[in-house]
Structure formats: C-alpha cells, structure tokens
Amino acid sequence: MTIDFLEDAIKEDLERLFDGELFASSAGDQRPLRIILQDLPAPTGYDETTRAGDIPEPCIQVYISGGKIADVNSAQEVSVTLHICLYNDGHPKSGSDRQGYRGVMHIIQTIYGRYARNPAVQIKPGTSGIEGGSWWFKFPLEWETALARPYYTGKMTLKFDVPAFRTEDYYT
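Predicted, not measured: the structure shown is a model, and the values here were computed from it.

Criteria and thresholds
- Counting starts from 1 at the beginning of each chain's written sequence and moves along it residue by residue.
- Given that the model is predicted, a residue must reach a pLDDT of at least 70 before its local features are reported, and side-chain atom pairs must reach 80 or more before they are shown or counted; all residues, however, enter totals for whole chains, interfaces and linings.
- Note: side-chain values were computed over all heavy atoms of the structure, leaving out hydrogens and water.
- Strands are labelled as partners when DSSP assigns at least two bridges between them.
- Helix and strand definitions follow DSSP, with helices as H or I runs of at least four residues and strands as E runs of at least two, each counted in order from the N terminus.
- By definition, a salt bridge exists where a carboxyl oxygen of Asp or Glu is found within 4 Å of a side-chain nitrogen of Lys or Arg.
- Here a pair means two rings of Phe, Tyr or Trp (six-membered ring of Trp) with centres within 6.5 Å. Their orientation is stacked below 30 degrees between planes, edge-to-face above 60, and tilted elsewhere.
- Burial classes: relative accessible area under 20% of the type maximum marks a residue as buried, over 50% as exposed, and values in between as partly exposed (1.4 Å probe, protein chains only).
- The axes used here are C-alpha line fits, helices contributing only the stretch in contact, and every angle between their N-to-C directions lies in the interval 0 to 180 degrees.
- Definitions for this section: a left-handed crossing has its near helix turned counterclockwise from the far helix by less than a right angle. A right-handed crossing has that turn clockwise.
- Residue contacts follow a heavy-atom distance rule, with two residues in contact if any of their heavy atoms lie within 4.5 Å.
- Throughout this entry, Asp, Glu, Lys and Arg are counted as charged residues, while Ala, Val, Leu, Ile, Met, Phe, Trp, Tyr, Cys and Pro are counted as nonpolar. The remaining residues, Gly among them, count as polar.
- Only buried Ala, Val, Leu, Ile, Met, Phe, Trp, Tyr and Cys residues count toward a nonpolar core, and they belong to the same one when joined by side-chain atoms within 4.5 Å.

Participant: How would you explain the pairing of strand β4 (residues 59-69) if you had to name every residue and give the values?
Facilitator: Pairing of strand β3 (residues 34-37) with β4, which is carried by four bridges, proceeds in the parallel orientation. Of the residues in β4, the one forming a bridge with Leu37 is Val62. Between β4 and the antiparallel strand that follows it, strand β5 (residues 76-87), lie six residues.

Encoded structure:
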C-alpha cells in the first residue's frame, strides 16, 4: 500500500462524510464540497465568459505534506494536510451573514469526529486504487482557521501510520 492510495482513500472518506451537504460558492449558488487531490484545478480559459465551473470553492484540498520513517521496519508516519475553503460574502441579498467560519468549524469537527470514532482508513471496493489497505489515524490532530473575507479557510494536519516495507531475507 502506497501513500497515494491513502490519499485516494481519504478523498473517498470525505466525499461520503459530506454527501448531501451544500455550501455557498462565489458563483452565487449552493454546491457540494469538492474534494481535490494535491493541487487546485487549472482554469479552463482566460476570456471574459463566465467560468462558474472553474470555481474551486467550496472545497477541501487533500495533499500529502510530509512523512517520517524511523527505521527500515517501522511504519511510515505520513502527514496529510486538508485545506478547507468556503465562501460567504456577507451580502443580505445572497442570504449570507459573514458566518463562513461556522461552516469551516463544522467541517473540522465532522472530520475530527470521523477519525476519533474510527481511526482506520481503508480503500473501499469499486473506488480508486486496489481494494483493501489499512492506514491508522493517530493523534495529535492539528487544526487552525484563517479569515480573508469573503473566503473562510481552515487547515487540518492529520497523521497516519502507513504499513512499512520489511527487510527481506537474502539467504532463503
């Protein structure tokens, strides 16, 4: 099991966790959270036409931000960073109230609750990667929020144990 499979499994977890929830976008509508791996998508064009489909928010960007391997037979400790971005312009006409931070906190607490209750992450049948795998969430979980109105953001750093490669016996 490689760490890119872990990233895929977390993406699938988050999609299930927030299935059916809608958040405001800068296009003026309500949308489900987009779960984006590693990097934000590139815009499709640079003309004056509307590109509402290119708007990444509301989203959670999932990326592998680092790791640590203590020795050849130890599990890797992999850091996965989640960047959360919501939009709330505070304009009464759009029904906004500058409470975007509450949405960010809801997302942070929902993710925390998921991994606190069940620390195992597995690739589900019919999803990306191969079926199986098992990675274990471990504390501490770190999170923070930031404000750049009308965008409300949060960041979480989760750590997972990823199975290690084992030393082979060359003499058998």
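Participant: Account for the pattern of salt bridges, naming residues and giving values.
Facilitator: Summed over the entire model, instances satisfying the criterion amount to seven salt bridges. Linked by salt bridges that have partners in common, Lys68, Glu77, Lys138 and Asp161 make up one network.

Participant: Lay out unusual backbone geometry in plain terms, naming residues and giving numbers.
Facilitator: The linkage connecting Phe139 with the following residue, Pro140, adopts the cis geometry, with an omega of 10 degrees. With respect to the helices and strands, the residue Pro140 is situated in strand β7 (residues 132-148). Arg149 connects to Pro150 through a cis peptide bond whose omega is 15 degrees. Tracing the backbone through its elements, the reader meets Pro150 in the loop between β7 and β8 (151-162).

Participant: Describe in detail the packing of aromatic side chains, supporting the description with residues and values.
Facilitator: Going through the model one piece at a time under the given rule, you end up with five aromatic pairs. On the numbers, 5.3 Å between centres and 65 degrees between planes, the contact of Tyr87 with Tyr151 is edge-to-face. With Tyr87 in strand β5 and Tyr151 in strand β8, this residue pair connects regions lying 64 residues apart in the sequence. Overall, the relative accessible area of 32% leaves Tyr151 in the partly exposed class. With 4.9 Å between their ring centres and 75 degrees between their planes, Phe137 and Phe139 make a pair best called edge-to-face. Classification of Phe137 by relative accessible area gives buried; the value is 7%. An aromatic cluster of at least three residues, connected via ring pairs, comprises Tyr115, Phe137, Phe139 and Phe160.

Participant: Explain the packing of helix α1 (residues 3-17) against helix α2 (residues 100-117) to me, and be specific about the residues and the numbers.
Facilitator: Running from amino to carboxyl end, α1 crosses α2 at an angle of 115 degrees, the nearest separation of the two axes being 11 Å. Like other packed secondary-structure pairs, α1 and α2 cross with a definite hand, here right-handed. For the pair α1 and α2, the contacting residues are Ile10, Asp13, Leu14 and Leu17 in the first and Thr110, Ile111, Arg114 and Tyr115 in the second. Looking at side-chain class alone, the contact of α1 with α2 contains five nonpolar, one polar and two charged residues.

Participant: Could you give an account of the nonpolar core, with specific residues and numbers?
Facilitator: Ile10, Ile60, Leu82 and Ile111 are the most contacted members of the largest nonpolar core, which has 29 residues in total. Taken together, the elements giving at least two residues each to this core come down to α1, β4, β5, α2, β7 and β8. Setting aside its immediate chain neighbours within four residues, Ile10 contacts Val62, Val80, Leu82, Tyr115, Val121 and Phe160.

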